[in-house]
Amino acid sequence: GDIQIKQKRRYLRQLKSAADGGDKSAAASYKQQYNELAQFELQQYTDRVKAYPTDLGLRFELGRRLLLFKKYDDAIEEFQQSRTDPKNRAASLQYLGSCYIEKGWLDEAIDTLKQGVEVHPLGDDPRGKELRFRLMDAYERNARKLGDPEMAGQAREIGSEILQTDINFKDIRDRMNSIRELV
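Residue indices follow the written sequence of each chain, beginning from 1 at its first position. It should be noted that, the model being predicted, local features are given only for residues of pLDDT at least 70 and side-chain atom pairs only at 80 or more, the latter also being counted only at that level, while totals for whole chains, interfaces and linings use all residues. Excluded from the side-chain calculation are hydrogens and water; included are all heavy atoms of the structure.

Now, about empty space enclosed by the protein: what can you tell me, with residues and values included?
Think of a 1 Å grid over just the protein atoms. A cavity is a set of points where a 1.4 Å probe fits yet cannot get out, a pocket is an open set with protein on both sides within 12 Å along at least five of seven lines, and lining residues have an atom within 4 Å of a point. Grid points are joined across faces, edges and corners, and a volume is the space filled by probe spheres set on the points. Across all of its chains, the model carries one cavity of 30 Å³ or more by this definition. What the largest cavity holds in volume is close to 30 Å³. Every residue along the wall of the largest cavity is listed here: Lys8, Tyr11, Gln33, Glu36 and Leu37. Numbering of helices and strands runs from the N terminus, with a helix taken as a DSSP run of H or I at least four residues long and a strand as a DSSP run of E at least two residues long. Counting residues per element, the ones that place at least two in the lining of the largest cavity are α1 (2-20) and α2 (24-51). Top contributing element to the lining of the largest cavity by residue count: α2, with three residues. Gly counts as polar in this scheme, as do all residues outside two lists: the nonpolar Ala, Val, Leu, Ile, Met, Phe, Trp, Tyr, Cys and Pro, and the charged Asp, Glu, Lys and Arg. Split by residue class, the lining of the largest cavity holds two nonpolar, one polar and two charged.

Dropping the structure here:
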């Protein structure tokens, strides 16, 4: 399975290169091959978790594939188990928080993402910025939902940290302007 995944990814890189060069048929083929690879990986990791249910690394990888297909309930189950693995704890908490956000469970998302920030204290690496960005997003959504200025303040504080670290991270500039208006 791993060899087939690597072969398919190599082929995808070739298609992407051709598509970036302006080949329209390669662009269409890239989308189709990407979807096929995603389905193949989902099936591979589902089978692997069935064979090795205590392997938390496999559960983490299955959760990532389930999240890609927006199967949030199933992904939550996998990330809840994989977060006990020290190797994938911060990433599992990040993805788990993202699932909660997508389900509209903002209080759970905030609690989970706070744990992720505590586990991964580096704020200037990609994982740290992503954890903080998702936490800011959860606070902002909850502030808008509840009309809570304190949560909006929390979102502004976290967003300010990201902005000071990396002004080009995602859409942080626009989000900060939106949060400042909310505050």
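Okay, back to it.
I'd love a proper account of the pattern of salt bridges, names of residues and values included.
Any carboxyl oxygen of Asp or Glu within 4 Å of a side-chain nitrogen of Lys or Arg constitutes a salt bridge here. In the structure shown here, the tally under the stated rule is 16 salt bridges. Asp20 is the salt-bridge partner of Lys16, the closest N and O atoms lying 3.6 Å from each other. Of the two residues, Lys16 and Asp20 are both situated in helix α1; the distance of four residues between them amounts to about one turn of the helix. Among the ionic pairs, Glu61 bridges to Arg64, the shortest N-O distance being 2.9 Å. Taken together, the residues span about one helical turn, with Glu61 and Arg64 both in helix α3 (residues 56-68) at a distance of three residues. Residues participating in the shared-partner salt-bridge network are Glu102, Arg134, Asp137, Glu140, Arg141, Arg144 and Arg175.

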